[in-house]
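# Notes for the structure review
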Amino acid sequence: TVSVGLLSGIFSLLCINFIVHSSLILTETFFLFFICCILISLSTFINKPNFISAMLIGLFCGFAIMTRSLVVFIPLGIAIILPIITYTKKKELIIGLSSGLTVIMITSIIISPILLRNWNQYNTINLTSQNGVFLLDWAVGTIKALDKGITFSEATMELDKKVNKK
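Because the structure is predicted, anything quoted here is derived from the model rather than measured. (Residues numbered from 1 in each chain as written. Predicted model: local features only at pLDDT ≥ 70, side-chain atom pairs only at ≥ 80, totals over all residues. Heavy atoms only, no water.)

Right, let's talk about the overall build of the chain for a bit. Of regular secondary structure, the chain possesses seven helices and two strands. Start at the N end of the chain and walk to the C end: the helices and strands fall as α-β-β-α-α-α-α-α-α. Per-residue burial over the chain gives 24% buried out of 166 residues. Restricting to contacts in the chain with at least 6 residues of sequence separation, those with at least 24 account for 48%. Summing over all exposed atoms, the chain offers an accessible surface of approximately 11600 Å²; the carbon and sulfur share of this is 72%. (Helix = DSSP H or I, 4+ residues; strand = E, 2+ residues; numbered from the N terminus. Buried < 20%, exposed > 50% of the residue type's maximum accessible area, 1.4 Å probe, protein only. Contact = heavy atoms within 4.5 Å. Areas by Shrake-Rupley, 256 points an atom, 1.4 Å probe, with all protein chains shown as cover.)

The structure is reproduced here in structure tokens:
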């Protein structure tokens, strides 16, 4: 019900550990804020398609990608959906196509400083430094340790032996 949702929202607001932990602002807080802003802007666009909403979607998509790079494909999905929304709402495809391009352009402008810095300093345009080694050493090692009932160290040593053998 509405009262339960309101009460849980108030308790979440008052619980400072949801926002700050060990005197640092958690990036998840920023990330969820930007995702909520994307959803609000998208719902505004659905109700009344306009360029301001499309620009806000692009802005918040860029900020969300800068916070967590795992949402890098969300602007592409939104750019595909916007023409469909405008065609079903107003029977106008051009507004949707231009709005989709606006989202992509604004998002690209927002994340371009990170891409430029990564290119200049690290000679790559990747948004994150987590690669297959991270996946192999941490994620797969943890799953294998839990599955076989061995320690995490034993699981990663076993995986390292297999990788170095090839």
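Taking 1.5 Å of rise per residue, 17 residues should cover 24 Å, and helix 4 (residues 74–90) covers 24 Å from first to last C-alpha, within 8% of that figure. Among all positions in helix 4, only Pro75, Ile78, Ala79, Leu82, Pro83, Ile85 and Thr86 are buried. Check the buried side of helix 4 and you find it contacts helix 2 (27–47), helix 3 (51–67) and helix 5 (93–122). (Expected span 1.5 Å × (residues − 1).)

Next up on the list: the environment of valine 103. Here valine 103 lies in helix 5. Valine 103 sits in the buried class, given a relative accessible area of 0%. On a C-alpha basis, the gap between valine 103 and leucine 59 in space is 7.6 Å, while along the polypeptide they are 44 residues apart. The contact partners of valine 103, leaving out residues within four places of it in the chain, are Ala54, Ile57, Gly58, Pro75, Ile78 and Leu82.

Applying the stated criterion across every chain, the model contains two aromatic pairs. Measuring from ring centre to ring centre gives 5.4 Å for phenylalanine 34 and phenylalanine 63, while their planes differ by 45 degrees; the resulting arrangement is tilted. Residue phenylalanine 34 is found in helix 2, and its partner phenylalanine 63 is found in helix 3; the two are separated by 29 residues along the sequence. Here the aromatic residues Phe33, Phe34 and Phe63 are joined through ring pairs into a cluster of three or more. The ring of tyrosine 87 has lysine 91 lying over it, and the distance from NZ or CZ to the ring centre is 5.4 Å. (Phe/Tyr/Trp six-rings, centres within 6.5 Å; stacked < 30°, edge-to-face > 60°. Lys NZ or Arg CZ within 6 Å of the ring centre and 35° of its normal.)

Membership of the largest hydrophobic core comes to 18 residues, with the highest contact counts inside it found for Ile38, Phe45, Ile57, Ala64, Ile78, Leu82 and Val103. Taken together, the elements giving at least two residues each to this core come down to helix 2, helix 3, helix 4 and helix 5. Excluding anything up to four places from it in sequence, phenylalanine 45 contacts Asn50, Ser53, Ala54, Ile57, Leu82, Ile85, Thr86 and Ser99. (Core = buried A, V, L, I, M, F, W, Y, C linked by side-chain atoms within 4.5 Å.)

This part covers helix 3. The first and last C-alpha atoms of helix 3 sit 24 Å apart over 17 residues, in line with the 24 Å expected at 1.5 Å per residue. If you check which residues of helix 3 are buried, you get Ser53, Ala54, Ile57, Gly58, Phe60, Cys61, Gly62, Ala64 and Ile65. Buried residues along helix 3 sit in contact with helix 2, helix 4 and helix 5.

Turning to the layout of surface pockets, a few remarks are in order. Here the largest pocket is characterised by a volume of approximately 230 Å³. Around the largest pocket, the lining is made up of 10 residues, and of these Thr67, Arg68, Ser69, Leu70 and Thr128 lie nearest the centre. Partitioning the lining of the largest pocket into residue classes produces five nonpolar, four polar and one charged. (1 Å grid on protein atoms, 1.4 Å probe; cavity = no way out; pocket = protein on both sides within 12 Å on 5 of 7 lines; lining within 4 Å. Points joined across faces, edges and corners; volume = space filled by probe spheres on them. Nonpolar A, V, L, I, M, F, W, Y, C, P; charged D, E, K, R; others polar.)

Moving on to the packing of helix 2 against helix 3. Direction vectors running N to C along helix 2 and helix 3 enclose 160 degrees, while the axes themselves pass 9 Å from each other. If you check the angle between helix 2 and helix 3, you find them roughly antiparallel. The interaxial crossing formed by helix 2 with helix 3 has left-handed handedness. The residues of helix 3 that touch helix 2, namely those facing Thr27, Phe30, Phe31, Phe34, Ile35, Cys37, Ile38, Ser41, Leu42, Thr44 and Phe45, are Ser53, Ala54, Leu56, Ile57, Phe60, Cys61, Phe63, Ala64 and Thr67. Looking at the contact of helix 2 with helix 3 residue by residue, the class counts come to 15 nonpolar, five polar and no charged. (Axes fitted to C-alpha atoms, helices over the stretch in contact; angles between N-to-C directions. Parallel < 35°, antiparallel > 145°, perpendicular 65-115°, else oblique. Left-handed = near helix turned anticlockwise from the far one by under 90°.)

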